[in-house]
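Structural overview for review
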Amino acid sequence: MRIHFLGGVREVGGSCIAVETDYGKVALDYGIKVGEEVSNQFPKDFDAVIISHAHLDHSGNLLSLSRGNPVIVGSRITRDVTTDLLCDMIKIQNMNGNHFPYNNQDVDNIKKSWWIRDSVALLGMSIQLYPAGHVAGAKMTSIHVEGKEILYTGDFCLHDTEILEGSKPENLPQKPDALIIESTYGGKTRLPRNELVDQLFRQILRTIERKGNVLIPAFAFHRSQEMAKRIDQAMEDGIVPNYNVYTISNLAHKITGYFNDYKQFFTQEIQQQKQPFNYRHVKELHRTGQIQEPAIVICTSGFGHAGASLRLLTEWATDEDNSVVINSGYLPPESPLKIAKEKRELIKNGNKIPVQAEVRQIELSSHADQRELIQLVEALEPKRTFLVHGELEQAELLSEKISGITEVYIPERHETISM
Ligand SMILES: [Zn+2]
């Protein structure tokens, strides 16, 4: 059996790993890099493609497979959100007047080829999916083949959040022959989550006291719903006083509908609520023109590149009473949010405008931090561990910490390991 590391090694983005025997070939994820286009860089002769979750760096290249009737395996939320995000990608390409070789028929093909199941037997391989935490519907994948056990984590976390339980190491295959683990935060330990949530509430309260606006750019999938539910619950509990709170993103609103429909993916508490993502204090708007200020607004895009978040960022940044809360750990180098935070400026119609608003980064990340990564390795005791989905420096920092427990390897792109 061979493992090929095709993408998403020594970096974050474009994840794809092939597991191959003489009889069959399976892909673990099929992603693109942030800001890059769908490409034909990966092989297409897979018997099945397993998608860990609906982030495009794990699923965005599926369009390039859409005309070959692939078998795609993943959870229902992963299927529905991935296909929505791919439709959105096609829409943006067409709006920008680019020649994009894919259309909604290709997305339909992907949807039709999708198997929603947690266990698949295929060509001598026994494949099993397990909850990964991270985002709704995210799964880890184990492949039992030729007497060996491989476990691929995809993106994961062990910590619980307000809406989602973390992955449970005790339910995963113990002592696998190979663990392929993400290492995004291989060298970083974050503050406990409740302290980060406290920071968020303190920032909101400070801004409310001066009657300012709070802008929270967030991804349409998961971050947006998690943030809306968190603030909704805080208002219900009296932690945050009543204030106008809005979400603006048609895509996010559509995904919120899936969250209400597929409650089984979430915590017990969420499952007991009738329509858990029909908020009591948070209203869904379609346009920024409908906002009644002062307000807290959760909107796309997550990096402030476009849409409502760019418009509000430019409009609100010049007022020192306002706040911008960045909840993502990673920001692309040229993103308006990064420039606003680090250089305290924005570019509007070619002119620089100074940023007066408070810009706070509160990393409510859905990835495991170094402590959780070590905890998983300690719990599973894998024979060999391959570090992927992390900058080389992060992977090396993690490697130092776990090399006493397992044989660690940081593969290079296109490297093949035989087992
Ligand atoms: Zn992810």
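The coordinates are above.
Residues numbered from 1 in each chain as written. Predicted model: local features only at pLDDT ≥ 70, side-chain atom pairs only at ≥ 80, totals over all residues. Heavy atoms only, no water.

Re the overall build of the chain
The helix and strand inventory of the chain stands at eleven helices and 22 strands. For 419 residues, the compact-globule formula gives about 22 Å, and the C-alpha radius of gyration of the chain, at 21 Å, lands near that figure. C-alpha extents for the chain along the principal axes are approximately 65 × 50 × 45 Å. Buried positions account for 60% of the 419 residues belonging to the chain. Just so you have it, the chain exposes about 17,600 Å², and 46% of that area is on carbon and sulfur atoms. In the chain, 45 side chains carry a positive charge and 55 a negative one; their mean positions are 4 Å apart. (Helix = DSSP H or I, 4+ residues; strand = E, 2+ residues; numbered from the N terminus. Rg over C-alpha atoms; globule rule 2.2 N^0.38 Å. Buried < 20%, exposed > 50% of the residue type's maximum accessible area, 1.4 Å probe, protein only. Areas by Shrake-Rupley, 256 points an atom, 1.4 Å probe, with all protein chains shown as cover. Lys, Arg positive; Asp, Glu negative; His and termini not counted. Charge placed at Lys NZ, Arg CZ, Asp CG, Glu CD.)

Some words on the packing of helix α2 (residues 76-95) against helix α6 (residues 250-261)
Taken N-terminus to C-terminus, the directions of α2 and α6 make an angle of 165 degrees; their axes are 11 Å apart at the nearest point. Classified by the interaxial angle, the pair formed by α2 and α6 is roughly antiparallel. Seen from above, α2 lies across α6 with right-handed handedness. Across the interface between the two elements, I77, D80, V81, D84, L85 and D88 of α2 pack against L251, K254, I255, Y258 and F259 of α6. (Axes fitted to C-alpha atoms, helices over the stretch in contact; angles between N-to-C directions. Parallel < 35°, antiparallel > 145°, perpendicular 65-115°, else oblique. Left-handed = near helix turned anticlockwise from the far one by under 90°. Contact = heavy atoms within 4.5 Å.)

Considerations on the coordination of the zinc ion
Within the protein, the zinc ion binds to H53 (NE2), H55 (ND1), H134 (NE2) and D155 (OD); these donor distances fall in the range 2.2 to 2.3 Å. One way to put it: the four donor atoms around the zinc ion meet at angles of 89 to 165 degrees, and that makes the site irregular. Read from N- to C-terminus, the donor residues coordinating the zinc ion fall into the pattern H-x1-H-x78-H-x20-D. Within this pair, whereas H55 is found in the loop between β4 (48-50) and α1 (56-59), its partner D155 is found in the loop between β10 (148-152) and β11 (178-182), the two being separated by 100 residues in sequence. Using a relative accessible area of 21% as the deciding quantity, one classes H55 as partly exposed. (Donors = N, O, S within 2.8 Å, 3.2 Å for Na, K, Ca; no water. Tetrahedral: all angles 85-135°; square planar, octahedral: opposite > 155°, others 65-115°.)

Re the sheet that holds strand β14 (residues 282-285)
Strand order across the open sheet formed by six strands is β14-β13-β15-β12-β16-β19, with parallel pairing between neighbours. Bordering the open sheet on either side are β14 and β19 (358-361), each of which pairs with just one other strand. Taken over all neighbouring pairs, the strand axes of this sheet differ in orientation by 20 degrees on average, direction set aside. Note that strand β12 (residues 214-217) and strand β16 (residues 323-326) share two bridges and pair parallel. Residue pairing in the sheet places V214 in a bridge with S323 of β16. Across the sheet, helix α4 (residues 193-209) lies against β12, β15 (295-299), β16 and β19, angled at about 170 degrees from β19, the strand it touches most. (Pairing = 2+ DSSP bridges.)

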